[in-house]
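Here are the chains, one letter per residue:
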Amino acid sequence: MYSIERLTKVYSRNQLRAIDDVNLVLGRGEFASVIGPSGCGKSTLLKVMAGLIPPTSGRVVLEQQPVMGPRADIGMMFQQATLLPWKTTIENVVLPIEVRRGRAAARDATARARELLELVGLGEATDVYPGELSGGMAQRAAICRMLITNPAVLLLDEPFSALDELTRDFMNMEFQRICMERHATAFLVTHSIPEAVILSDRIYVMQANPGRIADVVEIGLPRPRTLDMINTARFGEVVSQIRAKLDREGFL
């Protein structure tokens, strides 16, 4: 349903070739991740996939339609929750609808927003302002904001990297549950090999200078995933396999 074909991005000011000839395909309901060293073009790839910046060459196609700019059927989540501090939790969740279709449409979407907030355990925080939310709660609110438009694909730029380890583990399991319930298609940028393995069906390993797909690793662990799997031999084998690929390329 989502394909990236011969994608290249060159920043013209300094002729930096951020990504070069990247090809990948996501099927409906799949969860894929991309991992690689800093500066290998992971975030640039995600921004092109989201339609936030144009490619220099190649194309991105979602459900047979080229991605030429931001679209309602593409949801994106960043490292920080980026909630507007003067809006309540529920007002932040319906913000994408308000921006695209106006305040009346946003008001009509509040029932849907409440359902999403209940889904992530924030049913009692609808009228709370961001300054009163913990980091994990704010990220859960950001997940709801991403889901409010019912996007076909979810793009995630290290969304839980700023959280402490326990909260990050909880959010990973929570996000897996949401994706499975919605049969969502997701693509995650991360620096964490264990995080990529616990969440993904497939991992793309990127190399730098320029950013290219160096290898693809199929995970093959059963779902639903649990944190107990981290202690299994199979999980350790996959983590070691990916670490070896990065090390072989001189990334570690």
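Reference entry: report on the structure contained in this document. Once a new chain begins, its residue numbering starts again from 1 and follows that chain's sequence as written. Per-residue local features of the predicted model are confined to residues with pLDDT of at least 70, and side-chain atom pairs are confined, for both listing and counting, to 80 or more; whole-chain, interface and lining totals are unaffected and use all residues. As a rule here, side-chain values cover all heavy atoms of the structure and leave hydrogens and water aside.

1. Here's the deal with the sheet that holds strand E6 (residues 74-77)
This is how the line gets drawn: A strand pair is defined by DSSP finding two or more bridges across the two strands. Segments assigned H or I by DSSP are reported as helices when at least four residues long, segments assigned E as strands when at least two residues long, and all are numbered from the N terminus. Helix axes are fitted only over the stretch in contact, all axes being lines through C-alpha atoms; the angle between N-to-C directions runs from 0 to 180 degrees. Between two residues, a contact is recorded if the distance between any of their heavy atoms is within 4.5 Å.
The mixed open sheet is built from 6 strands, whose spatial order is E6-E7-E8-E3-E9-E10. The outermost strands of the open sheet, each flanked by one partner alone, are E6 and strand E10 (212-218). Neighbour-to-neighbour, the strand axes of the sheet open up by a mean angle of 20°, direction not taken into account. Taken together, the 4 bridges between E6 and strand E7 (residues 153-157) define a ladder with parallel strand orientation. Bridge pairing links Ile74 to Val153 in E7. Contacts from helix H6 (residues 135-147) reach E6 and E7, with the element oriented near 165° to E6.

2. Brief notes about the pattern of salt bridges
Pairing of side chains with opposite charge becomes possible as their charged atoms draw close. Quick reminder of the rule: One speaks of a salt bridge when a side-chain nitrogen belonging to Lys or Arg is within 4 Å of a carboxyl oxygen belonging to Asp or Glu. Burial classes follow relative accessibility: with a 1.4 Å probe on protein chains only, a residue under 20% of its type's maximum area counts as buried, one over 50% as exposed, and anything between as partly exposed.
In total, this model carries 17 salt bridges according to the counting rule given. A salt bridge links Arg177 to Glu181, with the nearest nitrogen and oxygen atoms 3.1 Å apart. Of the two residues, Arg177 and Glu181 are both situated in helix H7 (residues 165-182); the distance of 4 residues between them amounts to about one turn of the helix. A relative accessible area of 28% places Arg177 in the partly exposed class. What makes Glu181 exposed here is its relative accessible area of 52%. When salt bridges that share partners are traced, they join Arg17, Asp20 and Arg212 into one network.

3. Section: H6
Let me state the cut-off plainly: Working rule for helices: expected span equals 1.5 Å times residues minus one.
For H6, built from 13 residues, the straight-helix expectation of 18 Å at 1.5 Å per residue is met to within 8% by its first-to-last C-alpha distance of 19 Å. Of the residues making up H6, those classed as buried are Gly136, Ala138, Gln139, Arg140, Ala141, Ala142, Ile143, Cys144, Arg145, Met146 and Leu147. For H6, the secondary structure elements touched by its buried residues are E6, helix H2 (89-93), helix H3 (95-101), helix H5 (110-119), E7 and H7.

These figures come from the coordinates and say nothing about function on their own.
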